[in-house]
Amino acid sequence: MKDRRTKTRRFLEVELPVLAILVFALAPYIWMVLTSIKPQAELSLWPVRYLPENATLDHYRELISRTSFAGNLLNSFIIAAGAAILGLAVSIPAAYAFSRFRFRGRRMLMTGFLVINMFPVVLLIIPLFVLMKNLALLDTFLGVILGHSTFAIPFAIWMLTSYFNAIPKDLDEAAMIDGATRVQTIRLIVLPLVAPGVVTAGIYIFITSWNEYLFAMMLSGQSVRTVTVALQLFIGEFTIQWGLLTAGGTLIALPVTILFLLVQRRLVGGLTAGAVKS
Amino acid sequence: MITSAHNSFSRWTPAWFLAPALAITAAIVLVPAVQTIWLSLHDYLLYEPDAATFIGLRNFAAILQDEVFWISLGHSAIWIVGVVGLQFLLGLGTALLLNQSFWWRGFARALVVVPWALPSVIIGLMWTWMYDFNVGVLNDMLVRTGIIDAPIAWLARPDLALPSIMAALIWQGFPFFAITILAGLQTIPSELYEAAEIDGANRGQMLRHITLPSIADVIATALLLRTIWVANSLDVILVMTGGGPGYATHTLPLYSFVRAYNSMEFGYGAALALILTLLLLTVVWLYVRRASRDLDR
């Protein structure tokens, strides 16, 4: 549709409202980062001083040297990477089967994986805690990774199935006529084509696992505590030290923001595929 | 579907491909879900698991008499309608704006999604800090502009705590609606608008007769999906108020979690979780039916 509005009118009717929405969307984030670089003295001023007069990285230094935060960052990284690897390892073959084979129970199983994703966390978290306790997996990396797999696997299967569906079946068939086995076909023909989708699904699992709080809180103790759980404990411990807390928040938020912006375009496509297709 | 190319296709091939995913999912989702049902029929306290006694439906009977349950249920209703409704309206407005053409549109589309990528703990932290009574930026701005005379204890006042947390969640979730609806808007053929323009339709008429009907399907799916997520979400509340002051920010999932985690009453907590699941079942059913209608193609 051609826009016949004048430049000024378009500015007032479109660009200005968009700008207001962007400010609303980003202001809390920016405020967190600004707080983290203000010295303690400027944080207790009233009325509030918006921009830091003497910007400092003291809060970050203190956070890393005085608390367990660096170790928590490493734990979160191991768990998120582990959840992504485990999730992809079992979801890729499953998604391939859903995409390429027509078998009895296919529809029921796929629907089942979708329904699982809708389960309330509280429905699973209590027995999962008991289960991990009995298996001696409480406070281990594997325990938290398995906890995160409850949402990672169903999600990855649905996302990857739609990516596999986008690759024509004729390719597989041609390869197999040429004498390739099923496994060779997958490895040499299908996987390279679906690689961008696999990376997107992996990054999405990484982000959700990194961000996750409830499972991590229930299933981790001191030795594998993640950043989100640690930060929540700091909120209780250092109530008035907002510089320290916002520094921690910034360190947690920055990596996922960057990852998210990197894969956003494809991710949005994958997430909305189900909603838009009609 | 066995063609000549599928000579090596055995009846059991799909089963092998699916086995790892099915085995893990059964162990960490299905078994726990069934266990929740079992737990809900017992008087199960975490610190004395061997003393768990079968009490039939007495947990459920107790819940119906439980005043806090009814309070939490009421809050859940306000929570779902308020959060999903405002996320939707804000998201729809954002999507319609971002579908217009202006030179920095790509930049705006990328950045507006940022709140959605953030962990709930960080959202709780950011907003708790902005709501701070003594040096919070929200009180500061409202006092500076003369809207309020004195700072307000947003999260400590029973009448304001729930709406304050809802604002944080609306902020986090509206980008989801915005990008989903935007994706729907982009599928509308521009010929429709051109034809309407020739027929002399104005902008409002085009919105009502072309845009909204074309994206009705996308909106319905997004609304169902968000309703399920928002109904289940409790971590932002947990971080910001823990359910307080009093029971002012108790919702159903939060109450279930608090009973299980703080009081260690796993049987009672499990019964509450099951009630939440049953209440959501209709919405889940509607969503799953929509999402899986293309499966057989």
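Residues numbered from 1 in each chain as written. Chains lettered and ligands numbered in written order. Predicted model: local features only at pLDDT ≥ 70, side-chain atom pairs only at ≥ 80, totals over all residues.

Caption draft 1: Up close: the overall build of chain A. Across its full length, chain A carries 12 helices and 0 strands. Walking chain A from its N terminus toward its C terminus, one meets helices and strands in the order α-α-α-α-α-α-α-α-α-α-α-α. Relative to the 2.2 N^0.38 estimate, which gives 19 Å for 278 residues, the radius of gyration of chain A is 23 Å and therefore markedly larger than a compact globule would have. Its C-alpha atoms give chain A principal-axis dimensions of about 75 × 70 × 35 Å. Looking at chain A as a whole, 47% of its 278 residues are labelled buried. (Helix = DSSP H or I, 4+ residues; strand = E, 2+ residues; numbered from the N terminus. Rg over C-alpha atoms; globule rule 2.2 N^0.38 Å. Buried ≥ 20, exposed ≤ 12 C-beta atoms within 10 Å, placed from the backbone.)

Caption draft 2: Examining the interface of chain A and chain B more closely. In this complex, chain A contributes 83 residues to the contact, which on the side of chain B involves 81 residues. In terms of residue count, the dominant contributor to the side of chain A that touches chain B is helix 12 (residues 242-276) of chain A (16 residues). In the side of chain A that touches chain B, the residues fall into 58 nonpolar, 17 polar and 8 charged. (Contact = placed C-beta atoms within 7 Å. Nonpolar A, V, L, I, M, F, W, Y, C, P; charged D, E, K, R; others polar.)

Caption draft 3: Inspection of the nonpolar core at higher detail. Ile125(A) and Ile157(A) are the most contacted members of the largest nonpolar core, which totals 166 residues. Looking at this core, the element that brings in the most residues is helix 8 (residues 158-185) of chain B, giving 16 residues. When residues of this core are assigned to domains, at least three map to each of domain 1 (17-56) and domain 2 (59-276) of chain A. When sequence neighbours within four positions are dropped, the list of residues in contact with Ile125(A) reads Leu214(A), Phe215(A) and Met218(A). (Core = buried A, V, L, I, M, F, W, Y, C linked by C-beta atoms within 7 Å. Domains from an automatic or database assignment.)

Caption draft 4: Inspection of the confidence of the model for chain B at higher detail. Residues and elements named next belong to chain B. Here chain B averages 87 in pLDDT, and 95% of its residues register 70 or above. Averaged over each element, pLDDT in chain B is lowest for strand 2 (residues 53-54) (82) and highest for helix 3 (residues 67-98) (94). Between residues 1-8, whose pLDDT stays under 50, and residues either more than four places distant or in other chains, the model counts 8 contacts. (pLDDT = per-residue confidence, 0-100.)

Caption draft 5: Spotlight on the domain arrangement of chain A. All names here are of chain A. As assigned here, chain A comprises domain 1 (17-56) and domain 2 (59-276). For the side of domain 1 that touches domain 2, the element with the most residues is helix 1 (residues 7-36), which contributes 4 residues. In terms of residue class, the side of domain 1 that touches domain 2 is built from 3 nonpolar, 3 polar and 1 charged.

Caption draft 6: Quick peek at unusual backbone geometry. Residue Pro245(B) is bonded to the preceding Gly244(B) through a cis peptide linkage, with omega at -5 degrees. Within the secondary structure layout, Pro245(B) lies in the loop between helix 11 (235-240) and helix 12 (252-261). Residues other than glycine seldom take positive phi values, yet Asp139(A) does so here, at roughly 60 degrees. Checked against the element boundaries, Asp139(A) lands in the loop between helix 6 (121-134) and helix 7 (141-165). Look at Asp139(A) and you get partly exposed, because 16 C-beta atoms sit within 10 Å. Not every positive phi belongs to a glycine, and Met264(B) is a case in point at roughly 60 degrees. Looking at where Met264(B) falls in the secondary structure, it is placed in the loop between helix 12 and helix 13 (266-291).

Caption draft 7: Highlighting the environment of Ala175(A). Residue and element names in this part refer to chain A. Here Ala175 shows up in helix 8 (residues 169-177). Residue Ala175 is classed as partly exposed on the basis of its C-beta count, with 19 C-beta atoms lying within 10 Å. Apart from the residues lying within four places of it in its own chain, the contact partners of Ala175 are Ala180, Thr185 and Ile189.

Caption draft 8: A look at helix 6 of chain A. With 14 residues, helix 6 of chain A should reach 20 Å at 1.5 Å per residue; the first-to-last C-alpha distance of 20 Å fits that figure. Within helix 6 of chain A, 11 of the 14 residues are buried, which leaves it mostly tucked inside the rest of the structure. Along helix 6 of chain A, the positions that sit buried rather than exposed are Val121(A), Val122(A), Leu123(A), Leu124(A), Ile125(A), Ile126(A), Pro127(A), Leu128(A), Phe129(A), Leu131(A) and Met132(A). Taken together, the buried residues of helix 6 of chain A touch helix 7 and helix 10 (214-219) of chain A together with helix 1 (13-40), helix 10 (203-232), helix 12 and helix 13 of chain B. Following helix 6 of chain A by one or two positions, Ala136(A) adopts a phi angle in the positive range, close to 60 degrees. (Expected span 1.5 Å × (residues − 1).)

Caption draft 9: Local environment of the packing of helix 6 of chain A against helix 1 of chain B. Interhelical geometry of helix 6 of chain A versus helix 1 of chain B gives an angle of 100 degrees and a closest axis separation of 8 Å. Between helix 6 of chain A and helix 1 of chain B, the angle falls in the class roughly perpendicular. Note on element contacts: helix 1 of chain B touches helix 6 of chain A through Ile28(B), Val29(B), Pro32(B), Ala33(B), Gln35(B), Thr36(B) and Leu39(B), opposite Leu123(A), Leu124(A), Ile126(A), Pro127(A), Leu128(A) and Leu131(A). When its residues are assigned to classes, the contact of helix 6 of chain A with helix 1 of chain B shows 11 nonpolar, 2 polar and no charged. (Axes fitted to C-alpha atoms, helices over the stretch in contact; angles between N-to-C directions. Parallel < 35°, antiparallel > 145°, perpendicular 65-115°, else oblique.)

Caption draft 10: A look at helix 1 of chain B. Over its 28 residues, helix 1 of chain B extends 39 Å from the first C-alpha to the last, a length consistent with the 40 Å expected when each residue adds 1.5 Å. Along helix 1 of chain B, the residues that are buried comprise Pro14(B), Phe17(B), Leu18(B), Ala21(B), Thr25(B), Ile28(B), Val29(B), Pro32(B), Thr36(B), Leu39(B) and Ser40(B).

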